[in-house]
Amino acid sequence: MLQAQLTIDPAHRVAPVRRRTFGTFVEHLGRCVYTGIYEPGHPTADAEGFRGDVLALTRELGVTTVRYPGGNFVSGYRWEDGVGPRERRPRRLDLAWHTTETNEIGVDEFVRWSRLAGLEPMMAVNLGTRGVAEAVDLLEYCNIPSGTTLSDLRVAGGAKEPHDIRMWCLGNEMDGPWQIGHKTAHEYGRLAAETARAMRMVDPGLELVACGSSGSSMPTFGSWETTVLEETYDLVDHISCHAYYEEKDGDLGGFLACATDMEHFISTVVSIADQVGARLGSGKKISVSFDEWNIWYLSRHQSAPPPPDWPVAPPLLEDHYHLADAVAFGGLLVTLLRHSDRVAAACLAQLVNVIAPIMTEPGGRAWRQTTFHPFAQAARYASGDVLLTEPVGPSYETGEFGQVPVLHAVATHDDRFTTVFAVNRSVTEPLELELDTRALGAVRIAEATTLTHEDVYARNTADDPERVAPRPNTSHRGDPARIVLPPVSWNVIRLARS
Ligand code: AHR
């Protein structure tokens, strides 16, 4: 059996747990909106057509914020299409996903849904086909109480109170050649700066996110961030990172270590931001908004034939996650938490049906994918401060990342509980984890759970929705210092004062 140690000391504080770490993303893409959050006529739908089963699962997932309406979709979106009487809303081609957008759901419905789900909405503006004026118009529509044409239009539509959206993304993945209205770093940096300047004239207190790289393997990674931040530094609060991972060529060990790339991504972007800040003589620090992250079998999507026509809400990007996906995913959550000093927000992309923790059948059931569980547990139990914890233990060789530690872990600490989130990346070996809790005083394990399965490719389905779910881990037998983590597992250990 492998062995590793973890020292937990509340004096080693990284930062408070940021609630916005547990954000997700709803894009007009595939069945995320239509037959995802919204399906009039569904047995659980409310008077507005919002699915009650999806709302309940969203609440259970513990989501705090939700980014909307895209994604690639936003770069061709006209927000005005989605407001006013439904029967007058246009149907449009969505070039990003080769589908037809009916505009039955727009900003007002989305904000109402967010409030029902208890979430903070986070809005993205179109800087692909549009620019400063349309972004300011949307802001006026959303956040001005009344007394202007656009705010009165919102009031007339039934939203008497302003939506008061605080966090705004200045476009989406503008570094990507696939993006409608793709730009060079300089073109985008100038547009983002001028859009931010105008938006701040309406409301200086907004939190604005400039587009960073859509992946650490982009050829412009690094230089993109430098140029964009040189143009926008004083005008924005956050720079975005996006990352998706998948198992490639059967390399399970390498896949389970994909958080290594995320670590490198975050620390590189933070050092670039700090360098730009230093050059500008600014005392301000830019944070990371990791506003798209997930496991996504992108290579399968890229090799699928394009849809023959322009369907409405077809099934797209419906990845069915297995246990190993959930464990790699848990590792990404550990990394986001470990970087809470600089990662101010994160969005799991996406929420329902589209590379999502929640799946639905049109007209039928909704269920939790394997990835639902690490997210829900981290959102529920990460509380208080994130503690600096450096596991001591074995490492293994990966093709992509060199030597990586078998144990990947983080701890959080509040007045009542110290919680360890730990991934055993070994494909074959259980790992005995020794916890050095001396700095905590006398503690006991209040609860320990493990997400694992003898078949690492086991999935949940509508017919077998609990096949992969956290189960109690009793291997500690009451000893707070030793617990066994099975191979390929996500683990949550909650320590309370004894
Ligand atoms: O989340 C799916 C897509 O991934 C988003 O639309 C885009 O921003 C990213 O490339």
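Treat the numbers as computed from the prediction; the structure is a model and nothing was measured. (Residues numbered from 1 in each chain as written. Predicted model: local features only at pLDDT ≥ 70, side-chain atom pairs only at ≥ 80, totals over all residues. Heavy atoms only, no water.)

Trainee: Is there a simple way to explain the overall build of the protein chain in this structure?
Mentor: The helix and strand tally for the protein chain stands at 11 helices and 24 strands. For 498 residues, the compact-globule formula gives about 23 Å, and the C-alpha radius of gyration of the protein chain, at 22 Å, lands near that figure. Its C-alpha atoms put the protein chain at 65 × 60 × 45 Å along the principal axes. Out of the 498 residues belonging to the protein chain, those deemed buried represent 60%. If you take every contact in the protein chain between residues at least 6 apart in sequence, the share linking residues at least 24 apart comes to 78%. Entry remark: accessible area of the protein chain is about 18400 Å², with carbon and sulfur atoms responsible for 52%. Distance between charge centres in the protein chain, computed from 45 positive and 65 negative side chains, equals 4 Å. (Helix = DSSP H or I, 4+ residues; strand = E, 2+ residues; numbered from the N terminus. Rg over C-alpha atoms; globule rule 2.2 N^0.38 Å. Buried < 20%, exposed > 50% of the residue type's maximum accessible area, 1.4 Å probe, protein only. Contact = heavy atoms within 4.5 Å. Areas by Shrake-Rupley, 256 points an atom, 1.4 Å probe, with all protein chains shown as cover. Lys, Arg positive; Asp, Glu negative; His and termini not counted. Charge placed at Lys NZ, Arg CZ, Asp CG, Glu CD.)

Trainee: Just checking my understanding: could you explain empty space enclosed by the protein for this structure?
Mentor: Unoccupied space between atoms shows up once a probe the size of one water molecule is rolled over them. Evaluation of the coordinates by the stated rule reveals 3 cavities of 30 Å³ or more. Put simply, the largest cavity is a space of about 110 Å³. Lining the largest cavity we find 16 residues, and of these Tyr77, Trp79, Ala124, Asn126 and Leu138 sit closest to its centre. Secondary-structure elements contributing two or more residues to the lining of the largest cavity are strand 7 (120–125) and helix 3 (132–143). Within this model, the second largest cavity holds a volume of roughly 70 Å³. For the second largest cavity, the full set of lining residues is His28, Leu29, Gly30, Val33, Tyr34, Asp94, Thr99, Thr100, Glu101, Ala313 and Pro314. Among the elements that line the lining of the second largest cavity, the one with the most residues is strand 6 (residues 99–101), at 3 residues. Each residue belonging to the lining of the second largest cavity can be placed in one class, and the counts come to 5 nonpolar, 4 polar and 2 charged. (1 Å grid on protein atoms, 1.4 Å probe; cavity = no way out; pocket = protein on both sides within 12 Å on 5 of 7 lines; lining within 4 Å. Points joined across faces, edges and corners; volume = space filled by probe spheres on them. Nonpolar A, V, L, I, M, F, W, Y, C, P; charged D, E, K, R; others polar.)

Trainee: In this structure, what is going on with helix 8 (residues 259–279)? I would like to understand it.
Mentor: Three- or four-residue spacings in an α-helix give side chains the same orientation, since the helix completes a turn every 3.6 residues. Helix length check: helix 8, at 21 residues, gives a terminal C-alpha distance of 30 Å against a target of 30 Å (1.5 Å per residue), a fit within 8%. Buried within helix 8 are the following residues: Ala259, Asp261, Met262, Phe265, Ile266, Val269, Val270, Ile272, Ala273, Val276 and Gly277. Relative to the axis of helix 8, the buried residues are bounded by an arc of 160° and lie together on one face. Away from its buried face by more than 90 degrees, helix 8 exposes Ala278 and Arg279. If you follow the buried residues of helix 8, they end up packed against helix 6 (223–232), strand 10 (238–245), strand 11 (287–295), helix 10 (323–338), strand 12 (343–349) and strand 18 (407–413). Of the residues flanking the end of helix 8, it is Gly281, one or two places downstream, whose phi is positive at about 65°. (Expected span 1.5 Å × (residues − 1). Arc of directions from axis to C-beta.)

Trainee: I tried to follow the UniProt feature "domain: Alpha-L-arabinofuranosidase C-terminal" (unreviewed entry) in the protein chain on my own but got confused; where do I start?
Mentor: Under the UniProt annotation, the feature "domain: Alpha-L-arabinofuranosidase C-terminal" (unreviewed entry) is placed at residues 291–489. What you have in residues 291–489 is 16% helix and 33% strand, and the ends, taken at the C-alpha atoms, are 25 Å apart. (UniProt positions renumbered as here; feature names shortened; annotations may be inferred.)

Trainee: Is there a simple way to explain the layout of surface pockets in this structure?
Mentor: Roughly 1200 Å³ of volume is contained in the largest pocket. As for the largest pocket, its lining consists of 41 residues, of which Trp178, Tyr244, Trp296, Leu298 and Gln302 are closest to the centre. Listing elements by their share of the lining of the largest pocket, those giving two or more residues are strand 10, helix 7 (252–256) and helix 9 (298–303). Tallying contributions element by element places strand 10 first for the lining of the largest pocket, with 4 residues. A class-by-class count of the residues in the lining of the largest pocket yields 20 nonpolar, 13 polar and 8 charged.

Trainee: Can you help me understand the site of the ligand in this one?
Mentor: In the vicinity of the ligand, the contacting residues are Phe25, Glu27, Gly71, Asn72, Trp97, Asn172, Glu173, Tyr244, Glu292, Trp296, Gln350 and Ile355. Glu27 places a side-chain nitrogen or oxygen 2.6 Å from an oxygen atom of the ligand. Protein burial of the ligand: of its 280 Å² of free accessible surface, 96% is covered by the chains. Cavity membership is defined here by more than half of the atoms lying within 2 Å of grid points; on that basis the ligand lies in the largest pocket. A class-by-class count of the residues in the shell around the ligand yields 5 nonpolar, 4 polar and 3 charged. (Near = heavy atom within 4 Å. Polar contact = N/O pair within 3.5 Å; in protein donor to acceptor, adjacent residues only side chain to side chain. Sits in = over half its atoms within 2 Å of the grid points.)

Trainee: It is not clear to me how the packing of aromatic side chains should be interpreted in this structure. Could you clarify?
Mentor: Think of a pair of aromatic rings as described by two things: how far the centres are apart, and how the planes are tilted against each other in angle. Going through the model one piece at a time under the given rule, you end up with 13 aromatic pairs. Judged by centre distance (6.2 Å) and plane angle (65°), the ring pair of Tyr38 and Phe50 falls under edge-to-face. A residue pair is termed long-range when its members are at least 10 positions apart, and Tyr38 in the loop between strand 3 (23–25) and helix 1 (52–61) and Phe50 in the loop between strand 3 and helix 1 qualify at 12 residues. Neither residue differs from the other here; Tyr38 and Phe50 are each classed as buried. Each ring, one from Tyr188 and one from Trp224, has its centre 5.7 Å from the other, and the planes form 15°; the classification is stacked. Of the two residues, Tyr188 sits in helix 5 (residues 185–202) while Trp224 sits in helix 6, which places them 36 residues apart along the sequence. For the pair Tyr188 and Trp224, one class covers both residues: buried. What links up through ring pairs into an aromatic cluster is the set Tyr34, Tyr38 and Phe50. In this structure, Arg494 is placed above the aromatic ring of Phe417, and the distance from its NZ or CZ to the ring centre is 4.0 Å. (Phe/Tyr/Trp six-rings, centres within 6.5 Å; stacked < 30°, edge-to-face > 60°. Lys NZ or Arg CZ within 6 Å of the ring centre and 35° of its normal.)

Trainee: How should the sheet that holds strand 20 (residues 431–436) be read in this particular structure?
Mentor: Strand pairs in the sheet, formed through backbone hydrogen bonds, run parallel or antiparallel to each other. An order of 1-20-23 is seen for the 3 strands of this open sheet, with the pairing classed as mixed. At either end of the open sheet lies a strand with only one pairing partner, and these are strand 1 (2–7) and strand 23 (482–485). Between one strand axis and the next, the sheet turns through 25° on average, direction left out of account. As judged from the 4 bridges shared by strand 20 and strand 23, these two strands associate in the antiparallel manner. If you follow Glu434 over to strand 23, its bridge partner there is Arg482. (Pairing = 2+ DSSP bridges. Axes fitted to C-alpha atoms, helices over the stretch in contact; angles between N-to-C directions.)

Trainee: Help me understand the packing of helix 10 against helix 11 (residues 372–381) in this model?
Mentor: The description of two packed helices rests on the angle between their axes and on the distance between the axes. Across the interface, helix 10 lies against helix 11 with an axial gap of 8 Å and an inter-helix angle of 30°. Relative to helix 11, the element helix 10 lies roughly parallel. The two elements helix 10 and helix 11 meet at a crossing, and its hand is right-handed. Of the residues in helix 11, those touching helix 10 at Ala326, Phe329, Gly330 and Leu333 are Pro374, Phe375 and Ala378. Taken together, the residues that form the contact of helix 10 with helix 11 break down as 6 nonpolar, 1 polar and no charged. (Parallel < 35°, antiparallel > 145°, perpendicular 65-115°, else oblique. Left-handed = near helix turned anticlockwise from the far one by under 90°.)

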